[in-house]
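# Observations on chain architecture
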Amino acid sequence: MKVLFLHTNFPAQFPHLSMALARDPRNQVIFATTREEGNLPGVHKLLFKKHREPRPETHNYLHSLENVVLQGQGLYRSLAKLKAKGFVPDIIYGHAGWGLPTFMKDLYPNTPLMCLFEWFYHAHGTDADFDPATPLTPDDECRIRIKNVPILIDLYSCDCGISPTYFQQSQFPPEFRRKISVIHDGIDTDTIHPLPGAKLVIPEMNLDLSGVEEVVTYVARGMEPYRGFPQFMESVGHILTARPACHVVIVGADRVAYGRQLPDGKTYKQAMLETVPLDMSRVHFTGLLPRNRYIQVLQASTVHVYLTRPFVLSWSMLEAMAAGCLVVGSDTAPVREVIEDGFNGRLVDFFSAQKIADCVIDVLENPRATTAMRVRAREAIQERYALRKMLPLQIALLEKVASGRVKP
Amino acid sequence: MTGGINLTDVGGPMRILFLHRSFPGQFRYLAPILAQIKDIQVAFLTTWETGEIPGVRKIVYRPQQGTPLTHGYLRGLENSINYGQAAYREASKLKREGFIPDVIIGHSGWGSTLFMKDLFPKTPLICHFEWFYRAHGSSLDFDPAFPLNADNEAEIRIKNSSTLLDLAACDGGISPTIWQRHQFPREFHSKISVFHEGIHTRMFKPNPGTELVLPHQGIDLTGAQELVTYVATGMEPLRGFPQFMEGVELLQKRRPKCHVVVVGEDRVEYCNPLPEGKTYKQLALEKGQFDLSRLHFTGRLSVEEYRRVLWASSVHVYLTYPFILSWSMLEAMSCGCLVVGSDTPPVREVIEDNINGRLVDFFSPGQLVASIIEGLEDRDATARMRQNARETILDRYDLQKLLPRQIAMLQQAVTRTG
């Protein structure tokens, strides 16, 4: 089978699937991307460039769409050269919304197209208007509507879609939901597992918490309101006061991955450190970590905090659960899909730093009470999100779509 | 225009907001009749400055111009957004006055409907869905004279953007024909009801023995025994104008007394203009040899003049790419014309060959002429087809049947969300 993956990033959601397919010598796996770094055994990378940059004069609602079209055109051109040499894939699996699958049906009208659908934007009821502190203007509402254009084009053009969670799938227009299967990208539960008694030592960062009994962890790509960073930092103030031996480890880059920057040019980290007085000898910002170090953090965690607006669920929460962490999560829809309060984790009010802190302190004070929850957290991941289970489902669906047995 | 149709009650007071770039567009019958009903308030947002309908509060919105630097694929959507924003601004004035519509019904594709759900989140939105563009299988790759390149194909995919947004956002949709609904992504088919706008069968009824005299156009065909008619908004390949004109040249040679009347403007409505700046009419007249004393171009006509042409027609020719079906074909049939139509899906949805009209190969002027001549020669055989044509319209496209159904649909939309 000739499989073509599409993602601006590499390998993004597709490392395991693309490698698994590449292991079969009958398959040819090509991965078209704009990211130069990285390689996977057996996976042929096809680098393409955006056709050009969008113009500043374009209507501001259309700026990102222009970018999407230019990405799609860049990909089209690179692939057209391959096609001229005779390459026609049996299946295309692409990440939707950034323009890569958009023109594939024009280039390869007879090749089945599968898309990964992460999110459909709504002005109301999910991420955009979740925080009453940042209400939407009519202009925001209209802009958010237009943001869905490339996704709608992919929705109607594709033969089949995949969303990682039911919550995410439920964002898409009801007319398309039947087309979208829910299969998670998969959590590698073999690599990520509990390690009782693990201690956190990262020599290259001079971080040695081997003597520390209480480690509160927080992981996110950036530091921003979308993932509850401000209220988490506020809760850290309460936690450090109440638990004098507790340390806090924050993994992530000092940037905004989702949502807006602060108007004054400060990062949220800077802003929060200025407003919340903290004992910085017990607060450790690691920046982004290599995979093995990141897993060490999870394995050494006493309490892991995961907060999110109703938005795309992070891998980190599921990976923390796979490592047997006690997750204190926000009581928001994507988290509720996985965590049942008191059963396999704890749920707290997203907005309340005090309640987050109280819950974390409660867990730190009664560590034995959480043992069963930690076990069930790992079980939940093994049952519903483990790569071992998801990968065969993904491959089966891909093969079914490739064989034309899925009617668009 | 709505004479003879009585609707006095829609079950309580209602506020209706219409949106159409043109005025009144497809709502030419629905808007006026609703406006006459007691307890119904009708507002109509449009870009057209001219035209009024009694009882309809017309509000003009003026969209900004797009920038020519925008990516070519996105210019259409940029225009739509500008239309949508301009309509939003005017509609928010209505909202401030306290006019919250119970139902919004808008024509989709030009953008005016785009942001109505943001302004009136609780009001049901019904969209009129005319067309969804496909690079292959309908109008755009139909004519081998105009092949598509890769750039065209990609642009066509993006062209549907504002329609897709409306499809997802609306509470219900209307397409005028099954063929037109069939163009939309199948996921949305169940959301779209097929209702034709309706043909005014009392206005467009047969009137045998009409002679064609159009004083304003200086046309007097009194006594003409053979009159072939053709009607379109413009003169272009999409409606088979080049093929028709080739047919006319043949026809004039074979039927020395036959007159041809062409109604429409010398412009393109849907197709690209010719590169050398010529119109398709000029091109056709240069290419062929015509007896111009028997070929009459009327230009744009009033409804009464247009109806007179249909009344006097011996054979009416209607050719179209697989695209939106024109009202004129149905109005011709409603007048009892013998329609020689192209054997393309929108026409086949209405005409069955030799039953209520004739079907010919779109690309074959020879077949077209043979069929026209049969129609001219055998008036007895065609009388039955003419009658069937009228009955088809009465049965399936009659305004008197369709208007109550359209209104019932609006009421249902209000009740469902109310």
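Remember, it's a predicted structure, so these values are computed and weren't measured experimentally. (Residues numbered from 1 in each chain as written. Chains lettered and ligands numbered in written order. Predicted model: local features only at pLDDT ≥ 70, side-chain atom pairs only at ≥ 80, totals over all residues. Heavy atoms only, no water.)

Okay, the overall build of chain A next. Looking only at helices and strands, one finds 15 helices and 15 strands in chain A. Against the globule reference of 22 Å for 408 residues, chain A gives a C-alpha radius of gyration of 22 Å, in line with a compact fold. Each of the three principal axes of chain A carries a C-alpha extent, and together these read 65 × 50 × 40 Å. Taking all 408 residues of chain A together, 61% fall into the buried category. For chain A, the exposed surface amounts to about 16700 Å²; the carbon and sulfur share of it is 52%. For chain A, the distance from the average site of its 45 positive side-chain charges to the average site of its 43 negative ones is 7 Å. (Helix = DSSP H or I, 4+ residues; strand = E, 2+ residues; numbered from the N terminus. Rg over C-alpha atoms; globule rule 2.2 N^0.38 Å. Buried < 20%, exposed > 50% of the residue type's maximum accessible area, 1.4 Å probe, protein only. Areas by Shrake-Rupley, 256 points an atom, 1.4 Å probe, with all protein chains shown as cover. Lys, Arg positive; Asp, Glu negative; His and termini not counted. Charge placed at Lys NZ, Arg CZ, Asp CG, Glu CD.)

This paragraph deals with the pairing of strand β14 (residues 339-342) of chain B. Residue and element names in this part refer to chain B. As judged from the three bridges shared by strand β13 (residues 315-318) and β14, these two strands associate in the parallel manner. In the strand pairing of β14, Tyr-318 is matched with Gly-341. Regarding topology, helix α10 (residues 327-334) serves as the crossover connection from β13 to the parallel β14, and that connection is right-handed. Examined bridge by bridge, β14 and strand β15 (residues 358-360) share three bridges and lie parallel to one another. In the strand pairing of β15, Ser-342 is matched with Val-360. (Pairing = 2+ DSSP bridges. Right-handed = clockwise from strand over helix to strand, strands pointing away.)

Moving on: the interface of chain A and chain B. With 33 residues of chain A at the interface, the matching set in chain B holds 35 residues. Interface of chain A and chain B: buried area, both sides summed, is about 3200 Å²; carbon and sulfur atoms make up 65% of it. Here chain A and chain B share four salt bridges between them. Here A:Glu175 ties to B:Lys191 by a salt bridge, and the two come within 2.8 Å at their closest N and O atoms. Here chain A is connected to chain B by twelve residue pairs in polar contact (both at pLDDT 80 or more). Counting only elements with at least two residues in the side of chain A that touches chain B, the list comes to α2 (63-84), α3 (104-107), α4 (138-147), α5 (149-157) and α7 (174-177) of chain A. (Contact = heavy atoms within 4.5 Å. Buried area = accessible area lost by both parts, 1.4 Å probe. Salt bridge = Lys/Arg side-chain N within 4 Å of Asp/Glu carboxyl O. Polar contact = N/O pair within 3.5 Å; in protein donor to acceptor, adjacent residues only side chain to side chain.)

Turning our attention to the state of the cysteines. Tallied over the entire structure, the rule returns zero disulfides over all chains. Between B:Cys258, a free cysteine, and B:Cys337, which holds the nearest cysteine sulfur, the sulfur-to-sulfur gap is 14 Å. (Disulfide = S-S within 2.5 Å.)

Residue and element names in this part refer to chain A. Looking at the secondary structure, you find Met-114 in strand β5 (residues 113-116). The class for Met-114 is buried, based on a relative accessible area of 0%. Put simply, Met-114 and Ser-157 are 43 residues apart on the chain and 9.4 Å apart in space, counted from C-alpha to C-alpha. Ignoring any residue separated from it by four or fewer positions in sequence, one finds Met-114 in contact with Ile-91, Ile-92, Tyr-93, Gly-94, Cys-160, Ile-162, Leu-397, Leu-398 and Val-401.

Let us look at the pattern of salt bridges. All names here are of chain A. A full pass over the atoms with the stated rule returns 42 salt bridges over all chains. Between Asp-190 and Arg-388 there is a salt bridge, with the nearest N and O atoms lying 3.0 Å from each other. Within this pair, whereas Asp-190 is found in the loop between β7 (180-182) and β8 (201-202), its partner Arg-388 is found in helix α15 (residues 387-402), the two being separated by 198 residues in sequence. On the accessibility criterion, Arg-388 (61% relative accessible area) is exposed. Taken together, the salt bridges that share partners define one network made up of Asp-139, Asp-140, Arg-143 and Arg-260.

Our focus in this paragraph is the pairing of strand β1 (residues 2-6) of chain A. All names here are of chain A. Of all five residues in β1, four are buried, a share of seventy percent or more. By the bridge criterion, five bridges tie β1 to strand β2 (residues 28-33) in an arrangement that is parallel. Directly across from Leu-6, in β2, lies its bridge partner Ala-32. With respect to chirality, the unit in which β1 leads through helix α1 (residues 15-23) into the neighbouring parallel β2 is right-handed. Pairing geometry for β1 and strand β4 (residues 91-95), over four bridges, is parallel. Bridge pairing in β4 links Phe-5 to Tyr-93.

The omega torsion of the bond from A:Phe10 to A:Pro11 falls at -10 degrees, within 30 degrees of zero and hence cis. By the secondary structure assignment, A:Pro11 is in the loop between β1 and α1. Put simply, B:Phe23 and B:Pro24 share a cis peptide bond, and its omega is -5 degrees. With respect to the element layout, B:Pro24 can be found in the loop between β1 (14-19) and α1 (30-36).

What follows deals with the domain arrangement of chain A. Frequently, the measure chosen for interface size is the accessible area that the parts lose on association. Residue and element names in this part refer to chain A. Annotation of chain A at the domain level lists domain 1 (2-186 + 387-402) and domain 2 (201-384). The distance between the C-alpha centroids of domain 1 and domain 2 comes to 30 Å. Each partner contributes residues to the interface: domain 1 has 21 residues there, and domain 2 has 18 residues. Across the domain 1/domain 2 interface, buried area totals approximately 1600 Å², and carbon plus sulfur atoms make up 62% of it. Area buried by domain 1 at its contact with domain 2 is led by Asp-127, Phe-130 and Phe-167, which between them contribute 38% of it. Between domain 1 and domain 2 we count two salt bridges in total. (Domains from an automatic or database assignment.)

Residues and elements named next belong to chain A. One pass over the structure, following the stated rule, counts 40 aromatic pairs over all chains. With a centroid separation of 6.1 Å and 55 degrees between ring planes, the pair formed by Phe-14 and Phe-31 is classed as tilted. In this pair, Phe-14 is assigned in the loop between β1 and α1 and Phe-31 in strand β2, connecting sequence segments 17 residues apart. Using a relative accessible area of 0% as the deciding quantity, one classes Phe-31 as buried. (Phe/Tyr/Trp six-rings, centres within 6.5 Å; stacked < 30°, edge-to-face > 60°.)

Whenever strands of a sheet pair, they do so through backbone hydrogen bonds, lying parallel or antiparallel. Residues and elements named next belong to chain B. Strands sit in the order β3-β2-β1-β4-β5-β6-β7 across an open sheet of seven strands; the sheet is parallel. Among the strands making up the open sheet, the edge pair consists of β3 (56-60) and β7 (192-194). Between one strand axis and the next, the sheet turns by 20 degrees as a mean value, whatever way the strands run. Running at roughly 135 degrees to β3, helix α2 (residues 75-97) makes contact with β1, β2 (40-46) and β3 of the sheet. (Axes fitted to C-alpha atoms, helices over the stretch in contact; angles between N-to-C directions.)

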